[in-house]
Amino acid sequence: MSNSGVITNTASLVDIDRLSKYTSGVNALVAQGGGQRGIFTAGVLDAFLLSDFDPFHRFYGTSAGALNLSAFLCRQKGIGRSFILELTTSAEFFHLFSYIRRKQYLGLDWALEQICDFPYRLDIDMGRRVLGSRQAFAAVTDSTRLIDRYLPMLGEDWKKVLIASCAIPRLYEREVAFSHGRYIDGGVSASIPVQEAWRQGARCIVVIRTEEDDTPIPEPLVSEQTNVEWYRDSLNLVQEHWQQKLSQWKNDWNVFFNERVQRSKQEKQQHLFDSLNGGRWLFGADDIYRLSHLLGDGFDSSLMDMLMVHYQTYSLTRDFLLSPPDDCYIVQIAPSQPLLSSSLMSSREDILHDYQLGLDAGLRCVESFDLCGLTRLPNAFNFTS
């Protein structure tokens with residue numbers, strides 16, 4: 001781990017001398033998704049704005065991470081916080097009983113319309129000016145092949161791109177169609193799009209996590225080990241590799257999921273309401289089983305494939321974060337303990353608590369980069385029309 005470090009709200013474990021050797025190239029900022037747990041990311045990015053901290057050439061975000069990066073680029077402190085604290089807690093955005101009884105889907109369209117209107121008024125034109133010649137991408141998942149794609153974030157279709165990145169299957173009512181494909185939630189295939197940042201040439205990568213650094217992950221269902229050289233393949237070879245592995249993994253996952261289905265059928269429905277708050281990709285696998293059963297929907301092979309791809313890609317991403325290639329340095333910003341907020345249905349008190357953790361972690365990150373002599377790109381804040 002000599003070329004990786006972790007910054008939390010309580011400590012900074014970064015080799016400053018080694019980090020400084022990687023900051024003269026392409027720097028990238030990567031933001032994980034996580035629903036309302038994205039409030040931690042909102043706090044980190046507001047700390048960056050307070051400190052005029054922006055040494056990044058490229059930005060990559062998934063779901064709530066993409067929304068927060070948009071607010072950061074628009075230079076509007078507090079917009080990401082307001083989106084989560086005020087809009088995602090509204091019944092217009094999500095109401096569990098309305099969803100169960102009438103299938104009222106996740107109100108992404110409503111929330112993005114609200115954020116563009118008074119009193120929020122997200123300034124996309126400002127964001128485009130701030131971005132300039134730099135690049136920002138939202139991770140989405142190709143709904144047919146279940147592979148990650150990256151769409152420019154602040155173009156004319158910016159709302160549609162953000163909706164696609166957040167379009168969680170079963171909660172959002174449809175796939176999001178573009179001329180180049182149909183997409184769903186980027187968290188299915190790239191909950192932390194750090195490999196894409198590295199593949200595109202970033203060598204100093206700051207990753208904002210919405211989980212503490214040592215969060216346990218499911219045991220891998222495939223015994224085959226993937227070494228670091230696999231990451232050095234081209235993107236096309238990586239995608240081909242995934243397609244070849246899908247059929248092999250399905251056999252293992254069929255056994256695993258069948259066992260979980262039997263277990264979930266034996267549990268009482270009231271347990272759903274506590275467990276809905278868990279899960280890295282909005283819900284855990286067991287929660288999706290229970291929710292589908294409660295709604296009378298079948299847990300079909302397409303949803304199984306999404307979960308399979310999510311858990312496997314997350315496992316590989318975690319390995320990448322722990323042991324990056326030698327030619328890059330990764331700084332993870334993460335909470336020191338599990339966040340109080342959940343993907344959905346968090347209390348305002350928990351959201352505000354986690355926002356403060358993000359502020360503290362963001363300020364620690366700025367201090368570390370100050371020691372490297374790098375806090376912003378030329379004209380990143382003092383730009384002209």
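About the cut-offs
Residues numbered from 1 in each chain as written. Predicted model: local features only at pLDDT ≥ 70, side-chain atom pairs only at ≥ 80, totals over all residues. Heavy atoms only, no water. UniProt positions renumbered as here; feature names shortened; annotations may be inferred. Helix = DSSP H or I, 4+ residues; strand = E, 2+ residues; numbered from the N terminus. Buried < 20%, exposed > 50% of the residue type's maximum accessible area, 1.4 Å probe, protein only. Pairing = 2+ DSSP bridges. Right-handed = clockwise from strand over helix to strand, strands pointing away. Phe/Tyr/Trp six-rings, centres within 6.5 Å; stacked < 30°, edge-to-face > 60°. Lys NZ or Arg CZ within 6 Å of the ring centre and 35° of its normal.

Moving on to the UniProt feature "active site" (unreviewed entry) in the chain. When the UniProt feature table is mapped onto this chain, "active site" (unreviewed entry) is found at S63 and D185. On the basis of their most widely separated C-alpha atoms, the annotated residues across 123 residues gather in one place, lying no more than 6.8 Å apart. Position of S63 among the secondary structure elements: in the loop between strand 4 (58-62) and helix 3 (64-73).

Before going further, it helps to spend a moment on the pairing of strand 3 (residues 27-31). When you tally the buried positions in strand 3, you get five out of five residues, the bulk of the element. Here strand 3 shows a buried face lined by N27, L29 and A31 and a second buried face lined by A28 and V30. For strand 3 and strand 9 (residues 204-208), the ladder comprises five bridges, and the chain directions are parallel. Note on strand 9: the bridge partner recorded for V30 is V207. Crossover strand 3 to strand 4 through helix 2 (residues 39-50) is right-handed.

Tallied over the entire structure, the rule returns twelve aromatic pairs. Ring centres of Y22 and Y329 lie 5.9 Å apart, and the angle between their planes is 50 degrees; this geometry places the pair in the tilted category. Residue Y22 is found in the loop between helix 1 (16-20) and strand 3, and its partner Y329 is found in strand 10 (residues 329-333); the two are separated by 307 residues along the sequence. Y329 sits in the buried class, given a relative accessible area of 0%. Between Y60 and F137 the ring centres are 5.6 Å apart and the planes differ by 20 degrees, which places this aromatic pair in the stacked class. Placement of the pair is Y60 in strand 4 and F137 in strand 5 (residues 135-142), with a sequence separation of 77 residues. Classification of F137 by relative accessible area gives buried; the value is 17%. The cationic tip of R75 hangs over the ring face of F72; the distance from NZ or CZ to the ring centre is 4.9 Å.

Once that is clear, we can look at the pairing of strand 8 (residues 181-185). Across the five residues of strand 8, four count as buried, placing the element largely inside the fold. Where strand 5 and strand 8 come together, three bridges link them in antiparallel fashion. If you follow T141 over to strand 8, its bridge partner there is I184. The loop that links strand 7 (residues 176-178) with its antiparallel partner strand 8 comprises two residues.

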